[in-house]
Amino acid sequence: MKLMRQVALTVAVLVLAGCGASGEDGLRQWMTEQKSQTRPRIAPISEPKQFIPESYGQVATIEPFSNQKLTQALKRDSTQAAANGALIAPELARRREALEAFPLDAMTLVGSMTQTGQPVALVKVENLLYQVRLGNYLGQNYGRVGKIAETEVTLREIVQDATGEWIERTATLQLQERSK
């Protein structure tokens, strides 16, 4: 026990001796030498280019920041909105058909035939078979049947583009191979 006490005391003395001012003064002297020898290298700033104002040469046209320019833009937008509204308005006013409740990818064209001289497509949705004629509506994008061929049905859909405007696009429902 006495030996352990002596070892602990010796270790404590050595630790305290190591905390003394051993090389700290040398380190401080080296730091001050480095500060005094170091010179920053800053490249000189180039002269600024001289500004030469340009005159506005479009005085005869409409000034870009005038109320007249804004009025023209608003008229153009309202005309375009009216045209878009005319495209979708009849679709909103009519009664929806049964096959408009399903997306096109849920429908399968299984065949076509002719009834009383008119082409008829056979469309399968949720294990039910529907007869589709020219002018019928399919899908959730106001898709109206425009053409029925042996292997496909062509639709005219009305959808919104990235800017929110209503546009027409063509979609097809193609005959599916029977899987075994």
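Just above sits the structure.
The rules we used
- Residues numbered from 1 in each chain as written.
- Predicted model: local features only at pLDDT ≥ 70, side-chain atom pairs only at ≥ 80, totals over all residues.
- Heavy atoms only, no water.
- Core = buried A, V, L, I, M, F, W, Y, C linked by side-chain atoms within 4.5 Å.
- Buried < 20%, exposed > 50% of the residue type's maximum accessible area, 1.4 Å probe, protein only.
- Helix = DSSP H or I, 4+ residues; strand = E, 2+ residues; numbered from the N terminus.
- Contact = heavy atoms within 4.5 Å.
- Pairing = 2+ DSSP bridges.
- Axes fitted to C-alpha atoms, helices over the stretch in contact; angles between N-to-C directions.

Just give me the short version of the nonpolar core, but keep the residues and values in it.
If you look at the biggest cluster of nonpolar residues, it comprises 16 residues, and the most contacted ones within it are Met-107, Leu-138 and Val-153. Of all the elements in the fold, those that place two or more residues in this core are strand E2 (118-125), strand E5 (143-148), strand E6 (152-160) and strand E7 (166-174). For this core, the element with the most residues is E2, which contributes 3 residues. Other than its neighbours up to four places away in sequence, Val-153 contacts Leu-109, Ala-121, Leu-138, Val-145, Lys-147, Ala-171, Thr-172 and Leu-173.

Hey, could you go over unusual backbone geometry for me, with residue numbers and the actual values?
Across the chain, the bulk of peptide bonds are trans and the bulk of non-glycine residues have phi less than zero. You will see that Thr-116, though not glycine, has its phi angle at about 50°, which is positive. With respect to the helices and strands, the residue Thr-116 is situated in the loop between strand E1 (108-115) and E2. The phi angle at Glu-126 is positive, at roughly 50°, despite the residue not being glycine. Relative to the helices and strands, Glu-126 resides in the loop between E2 and strand E3 (128-132).

I'd like a rundown of the sheet that holds E2, residues and numbers included.
Read across the sheet, 3 strands follow the order E1-E2-E3 without closing on themselves; strand pairing throughout is antiparallel. The sheet is open, and its two borders are formed by E1 and E3, each paired with just one other strand. Ignoring strand direction, the axes of neighbouring strands in this sheet form an average angle of 25°. Examined bridge by bridge, E2 and E3 share 5 bridges and lie antiparallel to one another. For Val-125, the partnering residue across the bridge sits in E3 and is Leu-128.

Residues and numbers for the environment of Glu-168, please.
You can see Glu-168 is positioned in strand E7. Taking the C-alpha atoms as reference points, Glu-168 and Tyr-142, separated by 26 residues in sequence, lie 9.8 Å from one another. Here Glu-168 is in contact with Leu-87, Arg-156, Glu-157 and Ile-158, once residues within four sequence places are set aside.

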